[in-house]
Amino acid sequence: MSTNSHNIAHHRDDFGSKMGMWLFLFTELILFGGLFIMYMVYRVEYSEQFHLAAKELNLALGTINTLILLTSSLTMVLSIVAIGRGSKKISIFYLISTILLALGFMVIKAFEWGAKFSHGLYPGGTELANLSNGEVIFFGMYFVMTGLHALHVLIGIVILSFMLVFLLRDKINKDNYIKLEAGGLYWHLVDLIWIYLFPLFYLLH
Amino acid sequence: MEEKPVHQEHKNSPGYGYNILIWLTLISLTCVSVAVAGLDLGAYILLTALVIATIKSTLVINIFMHIKFDDPIFKLFFSLIIFTLFVLFVLTAFDILYR
Amino acid sequence: MFEGASYYADKVDTTMLIIVGISVFFLIGIVAAMIYFVVRYNHKRNPVASQIKGNNLLEAIWIIIPLFIVIGMFWLGWKDFSRLRKITDYAMKIEVTGRMWKWDFKYPNGKMSDTLYVPVGKTIKLEMRSADVNHAFFIPALRMKEDVIASRNTYMIIEPQKLGEYDIACAEYCGLNHAYMYTKLIVVPEDVFEAWLAGDSANPSAALSPATIAKLEPKNENEYAKFIRNHKNFELLVKYACVSCHTVDGANHIGPSFVKLSSGKTEVVRDGKKITVEIDEKYLRTALLEPDYEIVAGYSPYTMPTLRGRVSENDLRTIIELLLGKN
Amino acid sequence: MSNSISTSIKSFYEYEGKHRGILGWILSTDHKRIGLLYLWSMVGFFLVGVFLGFLMRLEMLSMGKTIMGPQTYNAIFTLHGIIMIFLFIVPGIPAAFGNFFLPIMIGAEDVQFPRLNLLSWWLYVTGGLFAIISLFLSGGPIDTGWTFYVPYSIRTTTQVILPLIAAFILGFSSILTGINFITTVHRMRAKGMTFFKLPLFVWALYATGWIQIIGTPVIGITILLVIIERVFSVGLFDPALGGDPILFQHLFWIYSHPAVYIMILPAMGVVSEIIPTFARKHIFGYKAIAFSSLAIAFIGTLVWGHHMFTSGMSDTARWVYSFLTYIVALPSAVKVFNWVATMYKGSIRMSAPFVFVMAFIVLFSIGGLTGLILGSVATNVHVHDTYFVVAHFHFVMFGGTGFIFFAALHYWFPKMFGKMYNEKIAMTAVGILTIGFLMLYFTMFILGYEGMPRRYYDYLPQFQFLHILATVGSWVLISGLLLMFGNLLYSLRKGASAKANPWNGMTLEWMTSSPPPFENFNYHPEIKFGPYEYEHYEEAVKDEYK
């Protein structure tokens, strides 16, 4: 080629895109890893108080949310399987289910947080001020970790909504669905983190 | 450049049924871990909870996230990250456990 | 390097010198090789380069030799420090509080002070806590430093072995007046310290001005002390940890100072009776091998470990000759 | 390599994309333009940092107040640290020279994710702007030191949140660069370019990319938590609520120690390029240098605790970290030995980049060897948080990375700008810089051992003489910098135009015109020889590029 005309747009590398996505997910994993390190330190330091404080959490809601997230992971995978087989409508159905399940997760989360706030169990809250240091830290960790996770769920909803638009406009199709795969990877990561958050906060009794 | 044909790895990736099976396993593991937490296991509460969580996450990573069916380099990268995280935990523990 | 005020400080200086020595050796080696190559293999002298791609043996050598050197350095830096950290048998515990931007010291009898007075030759534990942000308690003359934090106590063990006034600084940035968070460590003879501790705290430093302290310097920091300290065999006294209990500057510590040996005689307790003995080779040999046979008056028995089985005859003879002031 | 170079090839400067003028730069996804954007912004921030350092030294010229009060001084050393670390040295070589040269050196037309690359520059600029805006907000300039240690950073009334957000954004920018480089190296190598035919600069950037990915998120979460702590008083770090200030230090240094290697590894890569080019010789121990980069990246992640020997950490942790710290010294030593060995039986041409590298080897060796003193617990405890540490990291960061940044600037100046600089002035500048550097920073080793703590607005009378010496050294250093930058700026306008391959290099960036065309090559590069196989020089380099 002796001209400067060759164009980047022709260059498509799904493998490279996936690699980039994975590398990004690693940074997310380590971001939460930092929080888990903190959790370890404080759990060693305030073991008793952690058990005491965990009784305030609602196990039933936590379990339902876990099941919701796991199911949303499944629908996500099925959506990708469907597009891989060329069934656009099925894929759209599963993707919408994923988004709805994610919204459901957020609604339940909101109820849970709301209950804590109405009991004064939030940083600076009246009830929390009466508790021991360890319990304050427990709730601090709880709000920060589940809060950051919820933020990721929200980002996930936004990403998946974009995917839905791409899917409707055929920008994601049978031959090119790396975007959907990348979005799926992100969504599974959100699930993955919750798999650890759930026992560390709700199953402490 | 080591160009790979588009979506070649999906030839051996699982279909609907297999994924649903994995989902059922995940759901039952969740139920097991909730049930086990009700028992009075003392010091083993954390251990059992973490073991179950690890089994669940392994399934999600391998099947849902396709690590099992993808190029081995992702497996390598992933193990590298998990190993690093593990080392970070151990080294921090050297401080807090011996204070 | 400025002078330290404890044996630990001397050891840190020694470690420092050893590491600096090795480093200078490597630095000169690297720089000399580089300059030689640049001059010798300049393109005018050596127009065509010889292509050498590497040498695995050489790579192995310059990984393995430095590996042993750095492990040595690690050990050198760790052993003295860990000894100091592990001491549980200390004479006194002083509570230190750091706050923006001053230090407070509280003695076992409840006495408070903003200057740290300590008796010479004693092992003292400082238990430290911050009232607000992080500070660091730094005594350059003792080569010691430890952060002071608010969530829990940290500690530092000091063994000041030289009378005098030393600076204490804050070494962890703590805001506006961080640079002015200085106080003094004042090391005084034990009796002076006791008097100060028992006495009125209104005006403690009147009796302890630098001029007074200079007067308190032991008269018997004499020829003999200098002789021992500068002798090439002084290392043996360090090696067998003699100097951990016996000072060479006249100050009394766990055992009597070596300086007392220069008088030629000493009062000892043997079988419950006080007698005066000549300090000669026989006395020292017994004292080193059977330390509890006779005890210098005023000191407690069963304190000094025997050197029997730990010392070669050669070293023993050298130590005795050194203590007798022979060359 | 079938191609015929005509002088009419348009360089990337002349290439006309979607946008014109300034927009053609700040919206360009061309890795070379982004590299230059980084370069200019970084040199700007560097000069600001230098000016702040100059003010600090001026204040230390005499005891008591010289030109400013303690609050101003505390803010200035904090800003000096934040600017130099987050805005200059961490992004430094990778973002500027890595962006420009990594794709060219592996024979690619751009990075894997060009738009992400542009985004990371925008994030960088946003971070920088936030840091500057924070100076004028309520509370005034941040005064916590660049380490943001709690609880002081929670208590101080100065503006802490915005600079923290700035650091967070800068971290994000750094992560995106890392992701981009790693995928680019994996996916976009030219035909025949195996991993062991990669230039060592690329190896270094690859290892750096991994540290950026592994380390940076930890500082991200730590910064986020400090912000949350300041706004909501959650108690995660605040000892008054049961938090653990030492835990903050762990999390902070889990990133910030590896960050030291983010700063130095790319510089080591540049050295591994410059020495073979000017010695006209194969690098000694290619694999040893390549693997030592990976070893540094990995072991470097494990030694953060040596910043905390006096923090009140457990004694067990102290010896563990001391031991690991000594192990990480080895791969760095291996590199230095290999560099010097490369000069053996070479045919050395003393050009400015090479002289910079020689100065680097001296200064970096001093920096590295004093690291041995800091690795040993007993000596560390004494010199910790004193001027000794300040001297040590300036030797490593400034004498190491800074000098190599300048070396890279000279080495690749002809390629980036198509102009030659004045060699004699450049050499003189190296001399002045080195003398000033030693006066300024070597003095600090002595000050530190004598017990002068760092971050002190004032000092005791016994330190006066050395402080004066250091301040005078700073003036010499700055005049060297002015001379160097002046020379380059002048050459940018008036310099003779550069050949495609002025140094007779073997790596791919010399196999294209100066400055390179858009998408880097007018042909599809195919690699037959390793980057340093000078015995094949004649075969590898077509006549046009000699």
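Residues numbered from 1 in each chain as written. Chains lettered and ligands numbered in written order. Predicted model: local features only at pLDDT ≥ 70, side-chain atom pairs only at ≥ 80, totals over all residues. Heavy atoms only, no water.

**Focus on helix α5 (residues 223-230) of chain C**
All names here are of chain C.
Part 1 of the reasoning: When α5 is considered as a whole, its buried residues turn out to be Y224, A225 and I228. Buried residues of α5, viewed axially, fall in a sector of 100 degrees; they line one side. In this structure, α5 carries E223 and N230 as exposed residues pointing more than 90 degrees from its buried face.
Part 2 of the reasoning: Residues of α5 that are buried in the fold lie against α6 (234-239) and α8 (313-323). (Buried < 20%, exposed > 50% of the residue type's maximum accessible area, 1.4 Å probe, protein only. Helix = DSSP H or I, 4+ residues; strand = E, 2+ residues; numbered from the N terminus. Arc of directions from axis to C-beta. Contact = heavy atoms within 4.5 Å.)

**Let's talk about the domain arrangement of chain B**
Part 1 of the reasoning: For chain B, the assigned domains are domain 1 (14-68) and domain 2 (71-99).
Part 2 of the reasoning: The C-alpha centroid of domain 2 of chain B is placed 21 Å from the C-alpha centroid of domain 1 of chain B. (Domains from an automatic or database assignment.)

**A look at the interface of chain B and chain D**
Part 1 of the reasoning: Contacts between the two partners involve 18 residues from chain B and, on the opposite side, 23 residues from chain D.
Part 2 of the reasoning: Note on chain B versus chain D: buried area summed over both sides is about 1900 Å², and carbon and sulfur give 70% of it.
Part 3 of the reasoning: The closest approach of N and O atoms between D:D244 and B:R99, which form a salt bridge, is 2.9 Å.
Part 4 of the reasoning: Our count for the chain B to chain D interface comes out at five residue pairs in polar contact (both at pLDDT 80 or more).
Part 5 of the reasoning: Classifying every residue of the side of chain B that touches chain D by side-chain character gives 11 nonpolar, two polar and five charged. (Buried area = accessible area lost by both parts, 1.4 Å probe. Salt bridge = Lys/Arg side-chain N within 4 Å of Asp/Glu carboxyl O. Polar contact = N/O pair within 3.5 Å; in protein donor to acceptor, adjacent residues only side chain to side chain. Nonpolar A, V, L, I, M, F, W, Y, C, P; charged D, E, K, R; others polar.)

**A look at the interface of chain C and chain D**
Part 1 of the reasoning: Taken together, the contacts link 75 residues of chain C with 87 residues of chain D.
Part 2 of the reasoning: Both sides of the chain C and chain D interface together cover about 7100 Å² of buried area, and 68% of this is carbon and sulfur.
Part 3 of the reasoning: Across the salt bridge formed by C:R85 and D:D315, the nearest N and O atoms sit 3.1 Å from each other.
Part 4 of the reasoning: Viewed at the interface, chain D and chain C are joined by 26 residue pairs in polar contact (both at pLDDT 80 or more).
Part 5 of the reasoning: Take the side of chain C that touches chain D: its biggest share by element is 16 residues, from helix α1 (residues 7-40) of chain C.
Part 6 of the reasoning: Per-class residue counts for the side of chain C that touches chain D are 48 nonpolar, 15 polar and 12 charged.

**Here's the deal with the sheet that holds strand β3 (residues 112-113) of chain C**
Note: strands within a sheet are paired through backbone hydrogen bonds, in either parallel or antiparallel orientation.
Part 1 of the reasoning: Judged by pairing direction, the sheet is mixed, and its five strands sit side by side in the order β3-β2-β1-β5-β8 (chain C) without closing on themselves. The two strands at the open ends of the sheet, each matched to only one other strand, are β3 and β8 (154-158) of chain C. (Pairing = 2+ DSSP bridges.)

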